Amino acid sequence: MRSTGIRRTVAALGVSALALTACGGNTDDSASGKTRITVNCMPPKSAKVDRGFFEEDVAAFEKQNPDIDVVAHDAFPCQDPKTFDAKLAGGQMEDVFYTYFTDARHVVDIDQAADLTPYVKELKSYGTIQQQLRDIYTVDGKIYGIPRTGYSMGLIYNRALFEKAGLDPDRPPTTWAEVRTAARKIAGLGGGTVGYADYSAQNQGGWHFTAELYSQGGDVVSPDGKKATVDTPEGRAVLQTLHDMRWTDDSMGSKQLLVINDAQQLMGSGKLGMYLAAPDNIPILVKEKGAAYEDIAIAPMPGGRATLVGGDGYMVGKKASPAQIRAGLKWLDHMFLTPGDGFLGDHARAKRHDAPVGLPEPRLFTGAADAKDQQVKKANANVPVENYQPFLDGNASLEMKIEPPHAQQIYSVLDGVVSAVLTKEDADIDRLLKDASGKIDGILARG
């Protein structure tokens, strides 16, 4: 499952737009003396600042590399799971294309990815990227993609509501029992205040169930990826906690079948105490939903065992020429993988345009590259970084676990489980988990 974007901003930046062409097209235009590559995930025009940054950086890249022509296609979201496979199979995917971490093996399995192994030595930044992230795009010893960003789930909470409810905002819940207690106190404030909210529709309920299961020390599928492992004590603990908060404590509100925007609206309006999300939710809550940075904090996943991590990167199409592969890797280095510079690394530029700097994003780099990235970020921080320190401290002791194989299909199954528990007081948790386990086994068997 994707998180919610790298950065959301509202100020305008005046930069001339790039010419756009149709998707696909694997000609490298060598007759003109230039190597032409198509790339995707350019921010849409509605995201004016990010769009401007992206166009500015592509223009700078082309100036530095006059033998490369970059044709960028905008998209939001950057990938639509409903059309992703069809674009690949139909030859309509860009030469250098955005993927979720969970796409990597699938794209390789359907033979749509170029083997980058002979070329990564030309990618200056590759050796500085966290090994566990590089491993995501390594299949059977061969490199098929380059990670760009990552996220990890945590507990976003409203410091102002914590104080009103007599809770210490500097000591957020670390266990699910403490979450339940805090949610009950916050809901007790009345006036439509909800203590804890959770998703249960559009596959987002299954996504959160997975994160909560990880936090309890459980897993969705077996290590070999062949059997479901949701019908377990850990799975029952997740659902029982949700059931009890919803029906015994009345701390989750009466409106259910929520999705991410519902929780964000509640939090932004000051009516929600806690929900699970990644740090990139924070600027959305402030810029779009009316919250204040001072009131929003994030803690690590309750439970102390593990947290769900995700992220994205780029792969190169199977039909790309060696020249296109080399050009694509140069572009990735310039745009995303240079600490202190480029679309994601120029924190000074972001600050000048009122984009948030200092959010607790997982570290992409190691060694000197990481030190430089952190130095530039700290020097330009414009958000209350102290509100995120519990998240950073707590994450250090958690296992980082990526999403399961066939994630979207599995999440669809688990959506029904979570929604049943939150909408039916007499929901049979054992039966729900048993049925879900059988359906997931079927998904895994089909491969």
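Right, let's walk through the structure included here. Everything numeric here is computed off the predicted structure, so don't read it as measured data. (Residues numbered from 1 in each chain as written. Predicted model: local features only at pLDDT ≥ 70, side-chain atom pairs only at ≥ 80, totals over all residues. Heavy atoms only, no water.)

A tally of helices and strands in the protein yields 17 helices and twelve strands. A compact globule built from 447 residues should have a C-alpha radius of gyration of about 22 Å, and the protein, at 22 Å, falls within 12% of that. Counting only C-alpha atoms and orienting by the principal axes, one finds that the protein spans roughly 70 × 50 × 35 Å. Relative to all contacts within the protein whose residues are 6 or more apart in sequence, the contacts with residues 24 or more apart total 77%. (Helix = DSSP H or I, 4+ residues; strand = E, 2+ residues; numbered from the N terminus. Rg over C-alpha atoms; globule rule 2.2 N^0.38 Å. Contact = heavy atoms within 4.5 Å.)

The biggest cluster of nonpolar side chains holds 77 residues, and the ones touching the most others in it are I156, Y196, F209, L242, M274, Y275 and I440. Leave out the neighbours within four places in its chain, and L242 touches Y196, D198, E212, M252, V418, V421 and L422. The next biggest cluster of nonpolar side chains, apart from the first, holds 56 residues, and it includes A114, Y119, I146 and I325. (Core = buried A, V, L, I, M, F, W, Y, C linked by side-chain atoms within 4.5 Å. Buried < 20%, exposed > 50% of the residue type's maximum accessible area, 1.4 Å probe, protein only.)

Here the focus is the side chain of Q79. Note on placement: Q79 falls in the loop between β2 (68–74) and α2 (81–89). Among the polar contacts made by the side chain of Q79, one reaches the side chain of D103 at a distance of 2.5 Å. Setting aside its immediate chain neighbours within four residues, Q79 contacts F84, Y98, T99, Y100 and D103. (Polar contact = N/O pair within 3.5 Å; in protein donor to acceptor, adjacent residues only side chain to side chain.)

Looking now at the packing of helix α7 (residues 204–215) against helix α8 (residues 233–248). Where α7 contacts α8, the two axes come as close as 9 Å, and the packing angle between them is 115 degrees. Between α7 and α8 lies a crossing whose hand is right-handed. Where α7 abuts α8, its residues F209, E212 and L213 lie against E234, G235, V238, L239 and L242. Residue composition of the contact of α7 with α8, grouped by class: five nonpolar, one polar and two charged. (Axes fitted to C-alpha atoms, helices over the stretch in contact; angles between N-to-C directions. Left-handed = near helix turned anticlockwise from the far one by under 90°. Nonpolar A, V, L, I, M, F, W, Y, C, P; charged D, E, K, R; others polar.)

With that settled, the discussion passes to the packing of helix α16 (residues 407–423) against helix α17 (residues 429–446). Their axes nearest at 9 Å, the elements α16 and α17 cross at an angle of 170 degrees. For the element pair α16 / α17, the angle class is roughly antiparallel. Of α17, the residues touching α16 (which contributes Q409, I410, V413, L414, V417, A420 and V421) are I429, L432, A436, K439, I440, I443, L444 and R446. Among the residues forming the contact of α16 with α17, the class breakdown is twelve nonpolar, one polar and two charged. (Parallel < 35°, antiparallel > 145°, perpendicular 65-115°, else oblique.)

What follows concerns the sheet that holds strand β8 (residues 194–197). Read across the sheet, four strands follow the order β8-β9-β7-β10 without closing on themselves; strand pairing throughout is mixed. The outermost strands of the open sheet, each flanked by one partner alone, are β8 and β10 (296–300). Neighbouring strand axes in the sheet, compared pairwise and without regard to direction, differ in orientation by 20 degrees on average. Of the pairings in the sheet, the one linking β8 to strand β9 (residues 272–277) comprises three bridges and is parallel in character. Looking at the pairing, A197 lines up with Y275 of β9. (Pairing = 2+ DSSP bridges.)

Strand β7 (residues 154–158) sits mainly inside the fold: five of its five residues count as buried. Here four bridges tie β7 to β9, and the two strands are oriented antiparallel to one another. Of the residues in β9, the one forming a bridge with L155 is L276.

Attention now moves to unusual backbone geometry. With a phi angle near 50 degrees, D140 is a residue other than glycine that sits in the positive phi range. Along the polypeptide, D140 turns up in the loop between β4 (138–139) and β5 (142–143). Judged by its relative accessible area of 69%, D140 falls in the exposed class. The backbone phi angle of H406 is positive, close to 55 degrees, even though this residue is not glycine. Relative to the helices and strands, H406 resides in the loop between β12 (399–402) and α16.

Attention now goes to the side chain of D370. You can see D370 is positioned in helix α14 (residues 367–379). According to the relative accessible area criterion, D370 is buried, its value standing at 12%. In this structure, D370 is in contact with R363 and F365, ignoring residues within four places of it in sequence.

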